[in-house]
Amino acid sequence: MNLVLVVNAGSSSLKYQLLNMDDESVIAKGNCDRIGIDGKLSYKVPSRGYAVDEDCVFPTHTEAFEKLVEVLTTGEGKVIDSMSEISAVGHRIVQGAEIFDKACLVTEEIIEQIDGLSELAPVHNHPHALALRACTKVLPKGTPQVVVFDTAFHQTMPPKAYLFGLPYEDYEKLHVRKYGFHGTSHRFVSKTLAEAMGRDVKDLKIVSCHLGNGSSITAVDGGKSVDTSMGFTPLDGIIMGTRCGAVDPSAVTYVMEKHGFTPHEMSQYMNKKSGFLGLSGVSSDNRDIQEAVLKGDEKAAITSDILQYQIKKYIGAYAAAMNGLDAVLFTGGIGENSWEVREAVCENMEYFGIKIDSALNHAARGKLVKLSTPDSKVEVWVVPTNEELLIARDTLEVIGK
Ligand code: AMP
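This text gives an overview of the structure that appears in the document. This one's a predicted model, so the numbers in the text were calculated from it and none came from an experiment. Every chain is numbered on its own, with residues counted from 1 as its sequence reads. Local features in this predicted model are restricted to residues of pLDDT 70 or higher, and side-chain atom pairs are both shown and tallied only at a pLDDT of 80 or more, whereas totals for entire chains, interfaces and linings draw on every residue. Hydrogens are left out, water is left out, and the side-chain values use all remaining heavy atoms of the structure.

## Re the site of the ligand
Taken together, the neighbourhood of the ligand is formed by Gly-212, Asn-213, Asp-285, Asn-286, Arg-287, Gly-332, Gly-333, Ile-334, Asn-337, Ser-338 and Arg-365. The separation between an oxygen atom of the ligand and a polar side-chain atom of Asp-285 is 2.3 Å. Take Asn-286: an N or O atom from its main chain is 2.9 Å from an oxygen atom of the ligand. To measure how exposed things are, a 1.4 Å probe is used in the Shrake-Rupley method; for residues, cover is taken only from the protein chains shown. Bound to the protein, the ligand loses 73% of the 500 Å² it would expose on its own. Near residues are defined by distance, with any heavy atom within 4 Å of the molecule or strand qualifying the residue. Think of a polar contact as two N or O atoms within 3.5 Å of one another; within protein, one of them needs to be a possible hydrogen donor and the other a possible acceptor, and neighboring residues in sequence only count if both atoms come from side chains.

The structure is reproduced here in structure tokens:
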């Protein structure tokens, strides 16, 4: 068996999936949570319906990896005899900046470079580096590790898309520019869509709408990202669960001053207290928002309207940027499941050649399916994302298997 362990590490969590790449099935998956606090393991073997939730002691990522090795190789949930059966480990890395435009093999120098980018992604990159070091310590010597970057897919954006109107030296010296995120997802779904359409991705102009708790929209022209809604950080673009999305920069400094916030407090305000949650006062979860809309909650209704309106504007803008549009795809928790959001986004878009079948849209949930009518000039699809699978595929490619 060709086994790949995919790891997505945060500051206090370590999500993992063990994939059998012979048939791309998931052998085991779960999360080592509350690292540095106390510790909680969730572990599932889907084929056997085996699931366990256990309190643990995870002072650092190292103990979490040790526990992961233990559950994979011993006890009732055992799926392998030893970690040496694993071909490689693939790590999701949020920020690769301009250094990394593709996946690569991990060396100590690469870990240092990833850690060195922590200033650009303080919440993510340092924990990634900690997890890479912990994994190196715990796994058998010589197990190849590969890093796959969220930002890499967007490194094809031209300067006119990624530069801000700030003094150029802020780009040169401080590396302030649009990087874009969710790149692995946009790359996966745009390729999957091209296959489903029976077309070469190189011949397609796609607007890829990844709508989840975090959301981003990408213009994919000929298989390459040419623009995307997230920016220097994942805060930019459309409104999200708790993130505000794009805001006039002067409103930011004004609110900071009025509330007496430090930069960190303002960042927390925009990242954790805004978006659906801050606007509606109901919830950060789209399901709660849609439910509140049905009950006549006005703030929930305006929140929902803002989301749909912003997505529509991006589709229009990116059709203009690409000088054409062949397909729009929806992915992520909202994109795959919320017929309400998709319907409202695609309403009154005939000018762009977008027409969806209402019955197909109502029925579409979490599966690859075409929503557009036969006479729609632009195809509209739901394409479930699977970032772990693409990370595993990239990992095998990097190690040459
Ligand atoms: P993600 O971050 O991709 O897991 O997506 C989370 C978002 O998807 C949340 O806002 C959920 O409310 C939304 N979501 C998940 N399932 C559904 C559903 N069945 N209907 C509407 N929204 C959903």
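## Notes on the pairing of strand S12 (residues 327-331)
Each residue's exposure class comes from its accessible area (1.4 Å probe, protein chains only) as a fraction of the maximum for that residue type: buried when under 20%, exposed when over 50%, partly exposed otherwise. Numbering of helices and strands runs from the N terminus, with a helix taken as a DSSP run of H or I at least four residues long and a strand as a DSSP run of E at least two residues long. Among the five residues of S12, five are classified as buried, and the element is accordingly described as predominantly covered. Both faces of S12 are covered, namely the face carrying Ala-327, Leu-329 and Thr-331 and the face carrying Val-328 and Phe-330. The sheet contact formed by strand S9 (residues 205-211) and S12 spans five bridges and is parallel. In the sheet register, His-210 faces S12, and the bridge partner there is Thr-331. Here, any two strands with at least 2 DSSP bridges between them count as paired.

## Concerning the environment of Asp-297
By the secondary structure assignment, Asp-297 is in the loop between helix H10 (286-294) and helix H11 (298-322). With 17 residues separating them along the chain, Asp-297 and Ser-280 place their C-alpha atoms 8.6 Å apart. The contact criterion used is simple: two residues touch if any of their non-hydrogen atoms lie within 4.5 Å. Setting aside anything within four residues of it in sequence, one finds Asp-297 in contact with Val-282 and Ala-292.

## Digging into the pattern of salt bridges
Just to be clear on terms, a salt bridge is a Lys or Arg side-chain nitrogen sitting within 4 Å of an Asp or Glu carboxyl oxygen. Going through the model one piece at a time under the given rule, you end up with 19 salt bridges. For Lys-67, the salt bridge goes to Glu-70, with nearest N and O atoms at 3.2 Å. Here Lys-67 pairs with Glu-70, and both are found in helix H1 (residues 61-73), just three residues apart, close to one helical turn. For Lys-67, a relative accessible area of 12% gives the class buried. What makes Glu-70 partly exposed here is its relative accessible area of 40%. For the salt bridge of Lys-205 with Asp-221, the shortest nitrogen-to-oxygen distance reads 3.5 Å. Of the two residues, Lys-205 is situated in strand S9 and Asp-221 in strand S10 (residues 215-221); the sequence distance between them amounts to 16 residues. Connected through salt bridges with shared partners, the residues Glu-54, Lys-67 and Glu-70 form a single ionic network.

In short, shape yes, function no, at least from these values alone.
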